[in-house]
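Okay, here's what each chain looks like letter by letter:
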Amino acid sequence: MGIRSDSKGTIWLAAQVRLFHRLWQDVHSSIACLWLLDRLVGRFLPFRTLVIPLFDRIDCLADHAVLPAGYRLKPARRETMERVAAQHPEALTQAFIDEALSKGDTPFVIFRGEDVAEFHWFATTPTRMFAGVWIHPPIDRLYSYKGYVMPAYRGNALHSLGKRVRAQELSRAQLKGIVSFVEVSNTPSLLSAAKIPGQRFGFAIIWPKASGLWAYRSPACRKAGIQFTGGAQASNSPSMTSQSPTRL
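Residues numbered from 1 in each chain as written. Predicted model: local features only at pLDDT ≥ 70, side-chain atom pairs only at ≥ 80, totals over all residues. Heavy atoms only, no water.

Asker: Can you lay out helix α6 (residues 158-168) for me, pointing to particular residues and giving the numbers?
Answerer: A large share of α6 lies buried, amounting to 11 of its 11 residues. Of the residues making up α6, those classed as buried are Leu 158, His 159, Ser 160, Leu 161, Gly 162, Lys 163, Arg 164, Val 165, Arg 166, Ala 167 and Gln 168. (Buried < 20%, exposed > 50% of the residue type's maximum accessible area, 1.4 Å probe, protein only. Helix = DSSP H or I, 4+ residues; strand = E, 2+ residues; numbered from the N terminus.)

Asker: Requested: an account of the nonpolar core, with residues and values cited.
Answerer: The biggest cluster of nonpolar side chains holds 54 residues, and the ones touching the most others in it are Ile 52, Leu 92, Phe 119, Trp 121, Met 129, Ile 226 and Phe 228. Here the element with the most residues in this core is strand β4 (residues 115-123); it accounts for 6 residues. Not counting chain neighbours up to four residues away, the residues in contact with Phe 119 comprise Met 81, Val 84, Ala 91, Leu 92, Phe 108, Val 109, Lys 146, Gly 147, Tyr 148 and Met 150. Val 51, Val 184, Leu 191 and Phe 201 belong to the second largest nonpolar core, which has 15 residues in total. (Core = buried A, V, L, I, M, F, W, Y, C linked by side-chain atoms within 4.5 Å. Contact = heavy atoms within 4.5 Å.)

Asker: Could you give an account of the sheet that holds strand β12 (residues 227-230), naming the residues involved and the relevant values?
Answerer: Spatially, 3 strands are ordered β5-β6-β12 in an open sheet, and the strand pairing comes out antiparallel. Looking at which strands have only one partner, the edges of the open sheet turn out to be β5 (127-130) and β12. Between one strand axis and the next, the sheet turns by 40° as a mean value, whatever way the strands run. Both β5 and strand β6 (residues 133-136) contribute to a ladder of 3 bridges, which runs antiparallel. Bridge pairing links Arg 128 to Trp 134 in β6. (Pairing = 2+ DSSP bridges. Axes fitted to C-alpha atoms, helices over the stretch in contact; angles between N-to-C directions.)

Given below as structure tokens:
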């Protein structure tokens, strides 16, 4: 029994070492160290560590990202999102749709024919990330959140493609790009995001408290103008929780 336990422990440790090496090589050394810290002590601390991907319009223009033939990206109507919610309640709820639209957020959908292959929401106003924490998008960037790829269309990088194509269009609105977030423990999304040409990363360490919010922002986040606030308003918001996609 002891030998089997030791063997499992060795396999687990080897897998963690490989993940750390991939994050160091493919994402950034600082992100790899944050991931390791989260793995070692994150469950015992009240902090949450977020990686902030920055999609810059200039980099995306140079990337010349295009959707596969037969796919198109466009803003969606309420009826489309309500149909998605009815068919995929694990991805979207009616309460979320009502609140997001009431605050002026815009859903964008990647269609294949008439089928919804992927969707994500864009906000320009403060949006709840999770209980007790709101993100304030910079005035020259959109905040992308609540992305979801339909199971039948996963593995085609549609989520990241959708963001890149949308970022290329922002010159018309005089915006610099798009910002989003991934929790540092979400290794699949970190590695997928790192494959995007021109991708940059910042990070934030936040601690929601009853008296307010403590937040550390990396230099990249401060330079981009990303702000966080917390308190009762964020805690009481019922449906704006933004879950990072597990697959991009």
